[in-house]
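Observations on the model geometry
Read off the chains here:
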Amino acid sequence: MPSVSDILQTMDYGPAPEATGEVTAWLKARASFGHFIDGAFTKPAKSFTTANPATGEPLAKVAQGSAADIAAAVKAARAAQPGWAKLSGHGRAKWLYAIARHIQKRERFLSVLETLDNGKPIRETRDIDIPLVARHFYHHAGWAEMLAEEFPGAKPVGVCGQIIPWNFPLLMLAWKIAPALAAGNTVVLKPAEYTPLTALAFAEICAEIGLPKGVVNIVTGDGETGAALVAAEVDKIAFTGSTEVGRAIRKATAGTAKKLTLELGGKSPFVVFADADLDGAVEGVVDAIWFNQGQVCCAGSRILVQEAVAEDFTKRLKKRLKTLRVGDPLDKSTDVGAIVDPVQLTRIRDLVAQGEAEGAELHQSDALLPPTGCYFAPGFFTNVAPANVVSEVEIFGPVATLTSFRTPDEAVELANNTRYGLAASIWSENINLALDVAGKVKAGVVWVNATNIFDAAAGFGGYRESGFGREGGREGLREYLSEPAVKAKAEAKAEKPDAAPIPGAPSKGAAPIDRTAKLYIGGAQKRPDSGYSYAVMAKGREIGLAGLGNRKDIRNAVEAAHAAKGWGGATGHNRAQVLYCLAENLSAREAEFAATLKAAGVPNPAGEVAAAIQRAFYYAAQADKFDGAVHSTKSAHVTLAMPEPFGVMGIACPNDAPLLGFLSLVLPAIAMGNRVVAVPSQSMPLVATDLYQVFDTSDLPGGVVNIVTGPRDELAKTLAQHDDVAAMWYCGSPEGAQMVEAESAGNLKVTWTLANRDWMGADGQGRAFLTRATQVKNIWIPYGE
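Residues numbered from 1 in each chain as written. Predicted model: local features only at pLDDT ≥ 70, side-chain atom pairs only at ≥ 80, totals over all residues. Heavy atoms only, no water.

This next bit is on the overall build of the protein. For the protein, the helix and strand inventory stands at 28 helices and 33 strands. Projected onto its principal axes, the C-alpha coordinates of the protein cover approximately 110 × 65 × 45 Å. Across the protein, the fraction of contacts at a sequence separation of at least 24, relative to all contacts at a separation of at least 6, is 77%. As displayed, the protein offers around 30500 Å² of accessible surface, 53% of which is attributable to carbon and sulfur atoms. Charge centroids of the protein, computed over 77 positive and 84 negative side chains, lie 5 Å from each other. (Helix = DSSP H or I, 4+ residues; strand = E, 2+ residues; numbered from the N terminus. Contact = heavy atoms within 4.5 Å. Areas by Shrake-Rupley, 256 points an atom, 1.4 Å probe, with all protein chains shown as cover. Lys, Arg positive; Asp, Glu negative; His and termini not counted. Charge placed at Lys NZ, Arg CZ, Asp CG, Glu CD.)

Here we take up the pattern of salt bridges. Taken as a whole, this structure holds 28 salt bridges when the rule is applied. Its salt-bridge partner being Glu18, residue Arg108 comes within 3.1 Å of it at the nearest N-O pair. Taken together, the residues span a long stretch of sequence, with Arg108 in helix α5 (residues 107–118) and Glu18 in the loop between α1 (4–10) and α2 (21–30) at a distance of 90 residues. Owing to a relative accessible area of 42%, Arg108 belongs among the partly exposed residues under this scheme. Residue Asp366 pairs with Lys322 through a salt bridge whose shortest N-O separation is 3.9 Å. With Asp366 in the loop between β14 (361–364) and β15 (379–382) and Lys322 in helix α12 (residues 307–322), this pair connects stretches of sequence that are 44 residues apart. By relative accessible area, Asp366 is classed as exposed at 57%. Taken together, the shared-partner salt bridges in this structure form one network comprising Glu244, Arg247, Arg419 and Glu465. (Salt bridge = Lys/Arg side-chain N within 4 Å of Asp/Glu carboxyl O. Buried < 20%, exposed > 50% of the residue type's maximum accessible area, 1.4 Å probe, protein only.)

Attention shifts here to the nonpolar core. Of all hydrophobic cores here, the largest spans 114 residues; its most connected members are Ile103, Phe137, Leu173, Phe202, Val216, Trp290 and Phe313. Residues lining this core come from more than one domain, with at least three contributed by each of domain 1 (21–264) and domain 2 (268–452). Not counting chain neighbours up to four residues away, the residues in contact with Ile103 comprise Leu110, Ile130, Val133, Ala134, Phe137, Phe202 and Ile205. (Core = buried A, V, L, I, M, F, W, Y, C linked by side-chain atoms within 4.5 Å. Domains from an automatic or database assignment.)

Turning to the sheet that holds strand β17 (residues 423–427), a few remarks are in order. The mixed open sheet is built from ten strands, whose spatial order is β14-β15-β16-β13-β12-β17-β18-β33-β27-β26. Among the strands making up the open sheet, the edge pair consists of β14 and β26 (629–631). The sheet shows a mean angle of 25° between the axes of neighbouring strands, direction not considered. As judged from the four bridges shared by strand β12 (residues 269–272) and strand β13 (residues 302–306), these two strands associate in the parallel manner. Bridge pairing links Val272 to Val305 in β13. Packing of α12 onto the sheet brings it into contact with β12, β13, β14, β15 and β16 (399–405), and relative to β13 it is tilted by some 135°. Running over the sheet, helix α13 (residues 342–357) touches β14, β15 and β16 and is turned about 25° from β15. (Pairing = 2+ DSSP bridges. Axes fitted to C-alpha atoms, helices over the stretch in contact; angles between N-to-C directions.)

Summarising the element assignment, Ile7 is placed in helix α1. On the accessibility criterion, Ile7 (37% relative accessible area) is partly exposed. Not counting residues up to four positions away in its chain, the partners in contact with Ile7 are Pro2 and Asp12.

On to the side chain of Thr50. Secondary-structure assignment places Thr50 in strand β4 (residues 47–51). One polar contact links Thr50 to Asp117, side chain to side chain, over a distance of 2.8 Å. Polar side-chain contacts of Thr50 include one of 3.1 Å to the backbone oxygen of Tyr194. The residues contacting Thr50, other than those within four sequence positions of it, are Pro58, Leu59, Ala60, Val62, Asp117, Tyr194, Pro196 and Leu197. (Polar contact = N/O pair within 3.5 Å; in protein donor to acceptor, adjacent residues only side chain to side chain.)

Let us look at the packing of aromatic side chains. By the definition in use, this model includes 21 aromatic pairs. The interplanar angle of 55° and the centroid separation of 5.2 Å between the aromatic rings of Phe36 and Phe41 together place this pair among those described as tilted. Judged by relative accessible area, which is 3%, Phe36 ranks as buried. Grouped by ring-pair contacts, the aromatic residues Trp175, Trp447, Phe454 and Phe460 constitute a single cluster. The aromatic ring of Tyr480 is capped on one face by Lys236, whose charged end is 4.8 Å from the ring centroid. The ring of Trp759 has Arg757 sitting right over it, with the charged end atom 5.4 Å from the ring centre. (Phe/Tyr/Trp six-rings, centres within 6.5 Å; stacked < 30°, edge-to-face > 60°. Lys NZ or Arg CZ within 6 Å of the ring centre and 35° of its normal.)

Before going further, it helps to examine the domain arrangement of the protein. According to the domain assignment, the protein contains domain 1 (21–264), domain 2 (268–452) and domain 3 (519–735 + 767–775). Put simply, the middle of domain 2 and the middle of domain 3, counted by C-alpha atoms, are 41 Å apart.

Attention now goes to unusual backbone geometry. Trans peptide bonds make up most of the peptide bonds, and negative phi angles are found at most residues other than glycine. The backbone of Gln293 shows a phi angle near 60°, a positive value even though the residue is not glycine. Examined against the element boundaries, Gln293 turns out to sit in the loop between α11 (278–290) and β13.

In this section: α11. Compared with the 18 Å implied by 1.5 Å per residue over 13 residues, the 17 Å span of α11 between its first and last C-alpha is a close match. Among the residues making up α11, those that are buried are Leu278, Ala281, Val282, Gly284, Val285, Val286, Ala288, Ile289 and Trp290. Looking at the buried positions of α11, the neighbouring elements they touch are β12, β13, α12, β15, β16 and β17. In this structure Asp277 caps α11, since a side-chain oxygen of it lies 3.3 Å from the backbone nitrogen of Asp279. Trailing α11 by a residue or two, Asn292 shows a phi angle of about 55°, which is positive. (Expected span 1.5 Å × (residues − 1).)

Looking now at the pairing of β4. The two faces of β4 differ: Phe48 and Thr50 on one face are buried, but Ser47, Thr49 and Ala51 on the other face are not. Both β4 and strand β5 (residues 58–63) contribute to a ladder of five bridges, which runs antiparallel. From the neighbouring strand, Ala51 faces β5, where its bridge partner is Pro58. Once β4 ends, the chain turns through six residues before running back antiparallel as β5, passing Gly56 with a positive phi of about 85°.

This part is about the sheet that holds β4. Across the sheet, which stays open at both edges, the three strands sit in the order β1-β5-β4 with mixed pairing between neighbours. One side of each edge strand has no neighbouring strand; the edge strands of this open sheet are β1 (32–33) and β4. Most of the contacts of helix α8 (residues 197–209) go to β5, to which it runs at about 65°, and overall it touches β1, β4 and β5.

Let us now look at the layout of surface pockets. A probe matching the size of a water molecule, rolled over the atoms, marks out where space remains unfilled. By volume, the second largest pocket amounts to about 920 Å³. Lining the second largest pocket are 37 residues, with Trp166, Phe239, Gly241, Ser242 and Val245 positioned closest to its centre. The set of elements that each furnish at least two residues to the lining of the second largest pocket consists of α9 (223–231), β10 (236–240), α10 (243–253) and α13. If one sorts the elements of the lining of the second largest pocket by residue count, α10 sits on top with five residues. A per-class count over the lining of the second largest pocket returns 19 nonpolar, ten polar and eight charged. Two domains each put at least three residues into the lining of the second largest pocket: domain 1 (21–264) and domain 2 (268–452). (1 Å grid on protein atoms, 1.4 Å probe; cavity = no way out; pocket = protein on both sides within 12 Å on 5 of 7 lines; lining within 4 Å. Points joined across faces, edges and corners; volume = space filled by probe spheres on them. Nonpolar A, V, L, I, M, F, W, Y, C, P; charged D, E, K, R; others polar.)

This paragraph deals with the packing of helix α20 (residues 572–588) against helix α22 (residues 605–622). A pair of packed helices is captured by two measures, namely the crossing angle of their axes and the spacing between those axes. Between α20 and α22, the shortest axis-to-axis distance is 8 Å and the interhelical angle comes to 170°. Put simply, α20 runs roughly antiparallel to α22. Where α20 abuts α22, its residues Ala576, Leu579, Tyr580, Leu582, Ala583, Leu586 and Ser587 lie against Ala612, Ile613, Ala616, Phe617, Tyr619, Ala620 and Ala621. Considered class by class, the residues forming the contact of α20 with α22 number 13 nonpolar, one polar and no charged. (Parallel < 35°, antiparallel > 145°, perpendicular 65-115°, else oblique.)

In structure tokens, the structure reads:
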């Protein structure tokens, strides 16, 4: 045994194992687990074994869920939901409080169980995961108490299907179950196949406190069980996991009216500027990529360092890498534990080997790994080409890439050079620089001089192919509430546009002046790429021609919209001025637009124009007033929830109300700073094309609004498939809505398929349109010394 003086010389850690007796006794007493359905555990039938990844030793047998098990759980949740929703907010708050207290009372038990089942170090489960689990239930007990006041008139979604990953098993459960129950929903949750045990322990806690039967149901199993839950008769799916599975879920839920939130993969940038506290940033890397063995969706896996300090930073990082302790997760001095499963370990090894084969240089810890178990030495790559597989693919292991940049603009360009957009970490002592970059990176969460900080009061979720929707905070609770019902209005059927002449449909008058509307792209009138136009008919007569747009026209319009990116950076006041001017110019031509609508056979044309002018005023008023919040989260931080525009949006407008329906969708989108490619009413596009001059005389920058006329659903399909369109709104047929949702899965763009309605009524405008036109970015800023 070394002496005290020897230890002071070497500074080696002694063994500090965590006792497991209570947990192993619990596992031994149960041995095999069934599902938790309708307040009780079922008798397990077909089962699989869950093992300790640090040793490979089996821990327990767990039931393999079938479609019948899912159906039974959904039935129980459906039966329990009305009673749970009828409870007062205070009544639900008491139950959530009871869950939080019982989790706190069993923090050490749950920490040890999580470490045994997942392989992460006990320091992380004990100090981070389980305290945050309790925090989420406490926080949402508060939301349950305040729900009627803070969300007046809001209703629960109903029965929620929830699928969670294996990297934060109990914490992900809390992220999903706590807001769902607070809002009055009931749940069917499927934990990850590799790590089901803490979810089953949570089920026992629910039974212990006497939670009403059917409110929480837990069905264990593999991907087939998850697929059965997605296909089940639930009202919402909340999924955290890989982008590939998220894409499949988006397709599977298309047209089902199921509410959907997806929290998916990431390849997050960790940006270090020359003026940063380099030692602090090195510790940040430890927390960013080696925390939880790098098995974190928001891991800072792409380290970007300013060229002036890149060499120094790399030396410091190599030195710190050598001090990491890799080994037994139950040892309190372990920094990096075990990878969750041999399958995941093989994937990490293969990707790292491929990265080396493609020319990257690997710097890896020389720590002695345990002889058994799923371990991988932490490290990072240098000399990494942008096209190298490790630069692009989420490794989901303790390996990062390190590259340099010269200027802040280059840093932003590199940070955004990914299909993901989950998180980013910015390191600089210059707060102006840090916040400037924070606003430019495409990520749903940004940490300034910090990384991987989470709290129940702050929303978490991504942009792009990192998914959509938020978990946590006010914005996360909204995902579990249904919007007020809209009275749907049947839409007039539109004939398919035909480029051929129509005999027997003469224009009004003996010798009319030809009226052929062009497309509107980049602030200019453009002939359609096809060279064709189609007849616009009203009351059996041709009243004009409109361009027959196609895929190339959509492509050109999207390019023009991207070129108008300055619109998103304009102040709300500047955007409001333009919209007020638009209303003024529309008012000056009120009689002209009313006449066009009358010729098209639109009922109450004067009323529609007056309502359109009012709508422009409404969204001008909202342009500088729809703002964010400051969340109350961790001490020494201010967490800003900033609503940001998506960028380029596609909008397919209803056939009805050709002026008001068009402006009711386009105006909220551009008021929030988006640029749009809009497909106007297929049967009466001429009133939308008459807006060209209104836009031009209202100082609306070219490219902010682009109009492509033609077959709505064909053009909508192209917009939904376009990878450079970030969000898509569609108002039309149920078949068209299903198509848009399914086709959006390519880049996982946010979609809103809304019903046709009385556009002149209250359902035609409101904050819901503005909420749908934005995505929330949470920026964590140091506050205090």
